[in-house]
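# Overview (structure and organization)
These are the residues of each chain, in order.
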Amino acid sequence: MEKDIYILGIESSCDDTSAAVIKNGILLSNVTASQAVHEAYGGVVPELASRAHQQNIVPVVDQALKRAGIEREDLTAIAFTRGPGLMGSLHVGVSFAKGLALSLGIPMIDVNHLQGHILAHFIKENETDNDQPEFPFLCLLVSGGNSQIVLVKSYKDMEVLGQTIDDAAGEAIDKCSKVMGLGYPGGPIIDRLARQGNPEAYTFSKPNLPGYDYSFSGLKTSFLYSLRDWLKEDPDFIEHHKEDLAASLEKTIVDILMKKLRLAAKDYKIRQVAVAGGVSANNGLRNAFHLYAQKYGWKIFIPKFSFTTDNAAMIAITGYYKYLEKEFCPIEAPAFSRVTV
Ligand code: KG4
């Protein structure tokens, strides 16, 4: 009988400490500790993030093993996020993975965080969960740090067709939300407000870039300047119109994202289209995916909410596929803060 393969995934690239266990490709547990400490600062404070990871990593891994019903000694290999991300945050997960792998004498598998987001579509929660994309497919990867259109040819062969030349979509939403004096992170707040607003109420500038690249800095400036003018007329403008502002901002961002995605799908003649990353939790973007599926015959793949933001399940499943290929990494492998898929 084949031996069961148990992969422990560890994710600590930004402000979520997460651990997950996958057995033979099926998810057994996925535990995440988020860090509320950053809310007061309106953004992630790297030093505070590393400290919180230090406090969280042991109990989070412990919980993941307990919920999976296994002991450390049952593990076959440890997959960890090597980058990109915040260096101090990454170090916590990378060092922990190294220590545990050394003590257990098992292999380590380094995972690119962005590939992890894309392969989140292959997380299976049970044997009958077979709704995964077929290769090749397109994936719109949209998070706080990235906005990319990726052609996914296999588990490990991915080509970035286009990406943002300045801000990421999530970053733009978060910054506009900050300008409106809303909380952090702005994405979920804008999403909630947008559902009660009119998306056609205001128009903001859209980029005019060739190819599949994105740009969101012009939109951010246009939002800021428009708001400044409206506030001169009515100091309570934001309070009076926050739903319409959120809906219009969200629509502009979704339109920008979908236009290039549609262009890539058309040019590459691909009908399987997925979305991944924190911004894929957005309802406006999800609705647009459903609309495009109807209009252009796309088969779409939208992750469960729990697999949109940073999580270790996506690291463990990527690790599982790398394990099958015996793609291990040496113990001296350092974290890397910058890299694309
Ligand atoms: O992938 P992620 O958790 O972290 C990284 O950037 O790696 O993405 C976080 C981003 C933030 O900008 C956050 O505001 C955005 O995802 N976000 C959303 C929603 N939920 C999270 N943006 C729009 N609508 C949402 N519901």
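Further up the page is the structure itself.
Residues numbered from 1 in each chain as written. Predicted model: local features only at pLDDT ≥ 70, side-chain atom pairs only at ≥ 80, totals over all residues. Heavy atoms only, no water.

### Topic: the packing of helix 5 (residues 186-194) against helix 7 (residues 237-267)
Going by this rule: Geometry is summarised by axes, namely lines fitted to C-alpha atoms with helices restricted to the contacting stretch, and by angles between N-to-C directions that run from 0 to 180 degrees. A helix here means a DSSP run of H or I that spans at least four residues, while a strand means a run of E at least two residues long, and both kinds are numbered starting from the N terminus. Throughout, the term roughly parallel applies to angles under 35 degrees, roughly antiparallel to angles over 145, roughly perpendicular to angles from 65 to 115, and oblique to all others. Should the near helix be turned counterclockwise from the far one by less than a right angle, the crossing is left-handed, whereas a clockwise turn marks it as right-handed. It only takes one pair of heavy atoms within 4.5 Å for two residues to be counted as in contact.
It is at 7 Å that the axes of helix 5 and helix 7 come closest, and there the two elements cross at 110°. Classified by the angle their axes make, helix 5 and helix 7 are roughly perpendicular. Helix 5 and helix 7 meet at a crossing whose hand is left-handed. Between helix 5 and helix 7, the residues in contact are Ile190, Asp191, Leu193 and Ala194 and Lys242, Glu243, Ala246, Ala247, Leu249 and Glu250, respectively.

### Concerning the sheet that holds strand 8 (residues 158-163)
As a reminder of what qualifies: Should DSSP find at least two bridges between two strands, the strands are taken to pair.
Sheet architecture is open: five strands sit in the order 8-7-6-9-10, paired in mixed fashion. At either end of the open sheet lies a strand with only one pairing partner, and these are strand 8 and strand 10 (299-301). Neighbour to neighbour, the strand axes of the sheet diverge by 25° on average, direction disregarded. The strands touched by helix 7 are strand 6 (137-142), strand 7 (147-152), strand 8 and strand 9 (272-276); relative to strand 6, the strand with the most contacts, the crossing angle is about 160°.

### With respect to the packing of helix 7 against helix 8 (residues 283-296)
Packing of helix 7 against helix 8 leaves a shortest axis separation of 10 Å and a crossing angle of 40°. Taken as axis vectors, helix 7 and helix 8 run oblique relative to one another. Of the two elements, helix 7 crosses helix 8, and the hand of that crossing is right-handed. Contact residues: helix 7 offers Glu250, Val254, Leu257, Met258, Lys259, Leu261 and Arg262, while helix 8 offers Gly284, Leu285, Ala288, Phe289, Tyr292 and Tyr296.

### Focus on unusual backbone geometry
In this model, Gly83 is joined to Pro84 through a cis peptide bond whose omega is -5°. Note that the residue after Tyr184, namely Pro185, is joined by a cis bond; omega there is -5°. Turning to its location among the elements, Pro185 is positioned in the loop between helix 4 (169-179) and helix 5. Backbone geometry places Asn24, a non-glycine residue, at a positive phi of 50°. Relative to the elements of secondary structure, Asn24 occurs in the loop between strand 2 (16-23) and strand 3 (26-34). In this model, Lys269 sits at a positive phi of 50°, which is unusual for a non-glycine residue.

### Digging into the packing of aromatic side chains
Both the distance between ring centres and the angle between the ring planes are used here to describe each pair of aromatic rings. The line we're drawing: When two rings of Phe, Tyr or Trp (its six-membered ring) have centres within 6.5 Å they constitute a pair, described as stacked for plane angles under 30 degrees, edge-to-face for angles over 60, and tilted for the intermediate range. Under the scheme applied here, a residue whose accessible area is under 20% of the maximum for its type counts as buried, over 50% as exposed, and between as partly exposed, the area being computed with a 1.4 Å probe on protein chains only. Ring-over charges, as used throughout, are those where CZ of Arg or NZ of Lys falls within 6 Å of the ring centre and within 35 degrees of the ring normal.
Under the definition given, this model contains 20 aromatic pairs. Pairing Trp230 with Phe237 gives two aromatic rings, centres 5.1 Å apart and planes at 25°, and the pair type is stacked. Owing to a relative accessible area of 8%, Phe237 belongs among the buried residues under this scheme. Taken together, the ring pairs connect Phe122, Phe135, Phe137, Tyr155, Tyr320 and Tyr321 into an aromatic cluster. Stacked on the ring of Tyr296, the Lys or Arg Arg262 has its end atom at 3.7 Å from the ring centre. Sitting over the ring of Tyr323, Lys326 keeps its end group 4.2 Å from the ring centre.

### A short note on the site of the ligand
The following threshold applies: A single heavy atom is enough: if one lies within 4 Å of a molecule or strand, its residue is considered near that molecule or strand. Polar contact is the term for a pair of N or O atoms within 3.5 Å; when the atoms are in protein, one must be able to donate a hydrogen and the other to accept it, and sequence-neighboring residues count only if both atoms are side-chain atoms.
In the neighbourhood of the ligand, 19 residues make up the surrounding shell, with Gly144, Asp174, Asp191, Gly278 and Asn282 lying closest. Within the backbone of Gly187, a nitrogen or oxygen atom sits 3.1 Å from an oxygen atom of the ligand. One of the backbone nitrogen or oxygen atoms of Gly278 is found 2.9 Å away from an oxygen atom of the ligand. Elements with a contribution of two residues or more to the shell around the ligand: helix 3 (113-119), helix 4 and helix 5.

### Overview of the pairing of strand 1 (residues 6-11)
Most of strand 1 sits out of view: six of its six residues are buried. Every second residue of strand 1 is oriented toward a common face, with Tyr6, Leu8 and Ile10 on one face and Ile7, Gly9 and Glu11 on the other, all of them buried. Pairing geometry for strand 1 and strand 2, over six bridges, is antiparallel. Across the sheet, Ile10 pairs through a bridge with Ala19, a residue of strand 2. Between strand 1 and the antiparallel strand that follows it, strand 2, lie four residues. In terms of strand pairing, strand 1 meets strand 4 (residues 77-83) through four bridges, oriented parallel. In the sheet register, Leu8 faces strand 4, and the bridge partner there is Ile78.

### Observations concerning a nonpolar patch on the surface
Quick note on the threshold: Note that patches include only residues with greater than 30% relative accessible area and no salt bridge, and the join distances are 9 Å for like charges and 5 Å for nonpolar side chains (Val, Leu, Ile, Met, Phe, Trp, Tyr). Method for areas: the Shrake-Rupley scheme with a 1.4 Å probe, in which residue coverage is limited to the protein chains shown. We define a salt bridge as a contact between a side-chain nitrogen of Lys or Arg and a carboxyl oxygen of Asp or Glu at a distance within 4 Å.
On the surface, Val179, Leu224 and Tyr225 cluster together into a nonpolar patch covering about 250 Å² of accessible area. When you line up the elements, Leu224 lands in helix 6 (residues 217-233). The class for Leu224 is partly exposed, based on a relative accessible area of 38%.

The analysis is restricted to geometry; functional conclusions fall outside its scope.
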